[in-house]
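Listed here are the chains, written in short residue letters.
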Amino acid sequence: MNSPRDFIKEVCREESITLELLSQEYVLRLTKNGVSRHIFGPYWDINSAVADRIACDKTACYTLLHNSGIPAVPHKLLLNPLRRGEWASPNGSLTRALAYFESNNQKLVVKPNNGTRGEDVYYCATVHALECAIFAIFATHPDAALSPYQEIETEYRVFYLNGKYRFAYGKAAGTTWQHNLSQGATAFEISSDATKKKLAKLAVLAATCIDINFATIDIAESPAGELSIMEINSGIQARLLVDQHPHLRPTIKGIYSDAIHAMF
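Description of the structure in this document. (Residues numbered from 1 in each chain as written. Predicted model: local features only at pLDDT ≥ 70, side-chain atom pairs only at ≥ 80, totals over all residues. Heavy atoms only, no water.)

**Observations regarding the overall build of the protein**
Check the secondary structure of the protein and you find eight helices and 13 strands. Here the protein has a C-alpha radius of gyration of 19 Å; the compact-globule value for 264 residues is 18 Å, and the two agree. Judged by the C-alpha coordinates and their principal axes, the protein covers about 60 × 45 × 35 Å. By the burial criterion, 48% of the 264 residues in the protein qualify as buried. Sequence-distant contacts in the protein: of pairs separated by 6 or more residues, those separated by 24 or more amount to 60%. Here the protein contributes 26 positive and 27 negative side-chain charges, whose respective centroids are spaced 3 Å apart. (Helix = DSSP H or I, 4+ residues; strand = E, 2+ residues; numbered from the N terminus. Rg over C-alpha atoms; globule rule 2.2 N^0.38 Å. Buried < 20%, exposed > 50% of the residue type's maximum accessible area, 1.4 Å probe, protein only. Contact = heavy atoms within 4.5 Å. Lys, Arg positive; Asp, Glu negative; His and termini not counted. Charge placed at Lys NZ, Arg CZ, Asp CG, Glu CD.)

**What about the packing of helix H1 (residues 4-14) against helix H8 (residues 249-262)?**
Two elements in contact, H1 and H8, have axes separated by 9 Å at closest approach and are oriented at 60°. For the crossing formed where H1 meets H8, the hand is right-handed. In contact with Pro4, Asp6, Phe7, Ile8, Glu10, Val11 and Glu14 of H1, H8 contributes Arg249, Ile252, Lys253, Tyr256, Ser257 and Ile260. For the contact of H1 with H8, the per-class residue count stands at seven nonpolar, one polar and five charged. (Axes fitted to C-alpha atoms, helices over the stretch in contact; angles between N-to-C directions. Left-handed = near helix turned anticlockwise from the far one by under 90°. Nonpolar A, V, L, I, M, F, W, Y, C, P; charged D, E, K, R; others polar.)

**Points about the layout of surface pockets**
Empty space among the atoms becomes visible once a probe the size of a water molecule is rolled across them. Each pocket or cavity is described by its volume, and for the largest pocket that value is around 1,000 Å³. Lining of the largest pocket is provided by 50 residues; of these, Arg117, Gly118, Asn180, Asp218 and Glu231 occupy positions nearest its centre. Counting residues per element, the lining of the largest pocket draws most heavily on strand S13 (residues 227-233), which supplies four residues. Here the lining of the largest pocket is built from residues that sort into 21 nonpolar, 17 polar and 12 charged. (1 Å grid on protein atoms, 1.4 Å probe; cavity = no way out; pocket = protein on both sides within 12 Å on 5 of 7 lines; lining within 4 Å. Points joined across faces, edges and corners; volume = space filled by probe spheres on them.)

**Thoughts on the sheet that holds strand S2 (residues 27-32)**
With antiparallel pairing, the four strands of this open sheet are ordered in space as S1-S2-S3-S4. Where the open sheet ends on each side, the last strands, each with one partner, are strand S1 (18-22) and strand S4 (43-44). Relative to S4, strand S3 (residues 35-40) runs antiparallel, the two being bridged by two bridges. Pairing of isoleucine 39 across the sheet is with tryptophan 44, part of S4. (Pairing = 2+ DSSP bridges.)

This is the structure in structure tokens:
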């Protein structure tokens, strides 16, 4: 009973908000005082369509953050020639990828430009691995994003709502190098108030930059202690966190409750 749907159902029941579960519960219609709002999967209409699209596009989000002077992990767009033939050629895309690979010490992370949950993310330290990763992503995704491989000491996730930091936790990599809970990483609570303040400041800057209202923001910490935005997530996920730390259920439910109130 830790899914976002469970939290939403409980809040609506407690607040006498009419809830309709549509399209196999993937689309939710919430109605209060004659006003209806919607939640589509993990995406809330508390965010504008433009902010949602920017958050879902890793290279667009990075570009806006970088141009605003906000530290962020670089993401370089690689167009898929199978789907964008008018802008990209097979040889051109691969040539650009190889050049970026050489200019970044022959170590890249390759991922879908609009991917989620750490799926189809590849660490590439050889040309062969890079080519295989690109072809695999191009087979199932519109475009790819290339990032220089960086050592990450810790990755954090910050919950942000309407201009305010709400909660943050850390993610320790499991048996792989990835820090996604869906890929075996372990969540842990942050004990340092100083760390929370730094995360809050950076998260608010990033969210304000793309004008998003409700998001989770992933922040990478280098071995030297430097913080940079990994990505901004407009799709709000928390089930795996609460599965690992059941005592955090009231905290996460409270964030969902406040987000629902903000919709009306």
